Every structure is written in structure tokens, then in C-alpha cells.
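Coordinate inspection notes
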Amino acid sequence: MITPDRVIEKELLSGFSDDGEPIYLAGVDEVGRGALAGPASVGIALVSVNTTDDFPVGLRDSKLMSAPAREAMVTPVRSWVAASAVGHSLVDEVNEFGIMGALRAAAARALAQLDGYRIGGILLDGSHNWWASDGLFEVGPRLPQIPVRTEVKGDARCAVVAAASVLAKVERDALMIDLAQKYPGYDWEKNKGYAAKAHIAGLARLGATPVHRTSWNLPGLAEFNARKESHARG
């Protein structure tokens, strides 16, 4: 199992100019990109040259942790990093802007909570730099043009990205559990809006809710619509 360290973080922090004002590196990770329902969420965790190396024991990629372990990690993570925030997109933003635009919307909301912190660089999980402008056909909000380094498996290899991963996962999971009470029948308590069998069966039986990503080709929905049309004709 890969365990996180601070090698890349320190490399990036060493490149920041020292003018007496703290400059922070932002570890960024997203959760919910591939879900069929609910928000896309982005966690941001900040570290500086003054951040200690003794990050919480057991911190790793949130996907490799049990739900109780993730929840227990939130307070130690928040104590270790200089600051942190999680932002969530609206489902309407996923439908209108696509998932990349929705991730930028979520990141913008997280950044708004970190106003006053001078961020000199972004360490972004994955291989695609969704933070930066898409150019002529960009949709959704623009984010500050901060230098970005993408890192494949950054949530497993880099402590600050793992921290962002845990915070985002715990917050989004809690939101989906709450939504499961409002929209029962899709088993979101367990699948958190992803394409599990019970979720697809719920779509086929009940149709889409206001928090489904209806711009997507949702599995099971064609079956529901066909049955609805058949009843209308019948």
C-alpha cells in the first residue's frame, strides 16, 4: 500500500519566494466526479514551510479508509494543516457546465472560505488540470490562475492531498446520507449517489429526482420512461 509523505510538498514550498509573508501550498482533491446524483465536491488543505512533518498517523487516500476511520481523521487533519475548506457544486451546475465546470464551481466556494490566505501553488490530484482555464470554450467559473502541479495518485502519495481527500469525502458522504432521507429508494446511504445496483434499480422504478444529473445518460431511467409512456398510452 502506498503511504503519503511530504516530499513533493516540500519541493514546491521551497520554490516560493520568501518575502516575510506566509505563502501556502494548496492540496486539492475532488469527490463525486463520477456519481449519478448529488454534488461534486472539492477539498482544499493548506500547508506552509512551517507545517510540521508529523501529519496524522493513518492518513491516506480517503478511498482506502473505512467510513469510521475517515470521520475520526477529520479533527486531526484540521489540526495539522494551516487551514482547510470544502466546497460543493450544485447539481444544476453539473447539468449546465459539465463536471469540469462544476468542479471549478465547488473549488471557488472552498476558496471563498480561505480568503486572506496567500496561495502560491496548487498540488492537484490526478493527471488533468481541471483547475485551469479551458480556453475559448470554457464553461463555469474561472479560478485564480495559480501555478498547478498535477500528481497521479496524489491523494495516496502526498499528505496534503490526502488531507483534502478525507475532508471532501466525509462532507460529501454526510450530504448524501441527508439526501437519502429526502429522496428514499436509491440506497444513497450506502452508495453515496454512485452507479450501484440499488441506485440503478431505484432510477428504473422511481425515475430521477431533482438532485440527479439529468444531463447524463442515467442507467435505468430509460426503463422508467418507457414504462411511464406505456401507462400514458394504456
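Structure: see above.
Residues numbered from 1 in each chain as written. Predicted model: local features only at pLDDT ≥ 70, side-chain atom pairs only at ≥ 80, totals over all residues. Heavy atoms only, no water.

1. A closer look at the sheet that holds strand E2 (residues 41-47)
Strands sit in the order E3-E2-E1-E4-E5 across an open sheet of five strands; the sheet is mixed. The outermost strands of the open sheet, each flanked by one partner alone, are strand E3 (83-88) and strand E5 (148-151). Averaged over neighbouring strand pairs, the angle between their axes works out to 20 degrees when direction is ignored. (Pairing = 2+ DSSP bridges. Helix = DSSP H or I, 4+ residues; strand = E, 2+ residues; numbered from the N terminus. Axes fitted to C-alpha atoms, helices over the stretch in contact; angles between N-to-C directions.)

2. With respect to the nonpolar core
Residues Val47, Leu59, Leu123, Ala163 and Val166 are the most contacted members of the largest nonpolar core, which totals 27 residues. Elements represented by at least two residues in this core include exactly helix H1 (7-14), strand E1 (24-31), E2, helix H2 (67-80) and helix H5 (159-182). The element that contributes the greatest number of residues to this core is H5, accounting for 10 residues. Ignoring any residue separated from it by four or fewer positions in sequence, one finds Val47 in contact with Arg6, Glu9, Leu13, Ile23, Tyr24, Leu25, Trp80, Val81 and Val160. One finds Val28, Ala40, Ile44 and Val94 within the second-largest nonpolar core, a separate group that totals 25 residues. (Core = buried A, V, L, I, M, F, W, Y, C linked by side-chain atoms within 4.5 Å. Buried < 20%, exposed > 50% of the residue type's maximum accessible area, 1.4 Å probe, protein only. Contact = heavy atoms within 4.5 Å.)

3. What to know about helix H7 (residues 197-206)
If you check which residues of H7 are buried, you get His199, Gly202, Leu203 and Ala204. The positive-phi residue at the C-terminal boundary of H7 is Gly207, with phi of around 85 degrees.

4. Side note on H5
If you check H5, its first and last C-alpha atoms are 35 Å apart, about what 24 residues at 1.5 Å a residue would give, namely 34 Å. Where burial is concerned, most of H5 is hidden: 17 out of the 24 residues are buried. (Expected span 1.5 Å × (residues − 1).)

5. Remarks on the packing of aromatic side chains
One pass over the structure, following the stated rule, counts five aromatic pairs. On the basis of an interplanar angle of 65 degrees and a centroid distance of 6.3 Å, the ring pair of Tyr183 and Trp188 is categorised as edge-to-face. Exposure class is identical for Tyr183 and Trp188. Each is buried. Taken together through their ring pairs, the aromatic side chains of Tyr183, Tyr186 and Trp188 make up a single cluster. (Phe/Tyr/Trp six-rings, centres within 6.5 Å; stacked < 30°, edge-to-face > 60°.)

6. Considering the pairing of E1
Of all eight residues in E1, eight are buried; the element is thus mostly enclosed. In this sheet, strand E4 (residues 119-125) lies alongside E1 in parallel orientation, the contact comprising five bridges. Its bridge partner being in E4, Gly27 is matched across the sheet by Leu123. The pairing of E1 with E2 spans seven bridges and is classified as antiparallel. Bridge pairing links Leu25 to Val47 in E2.

These figures capture arrangement, not role.
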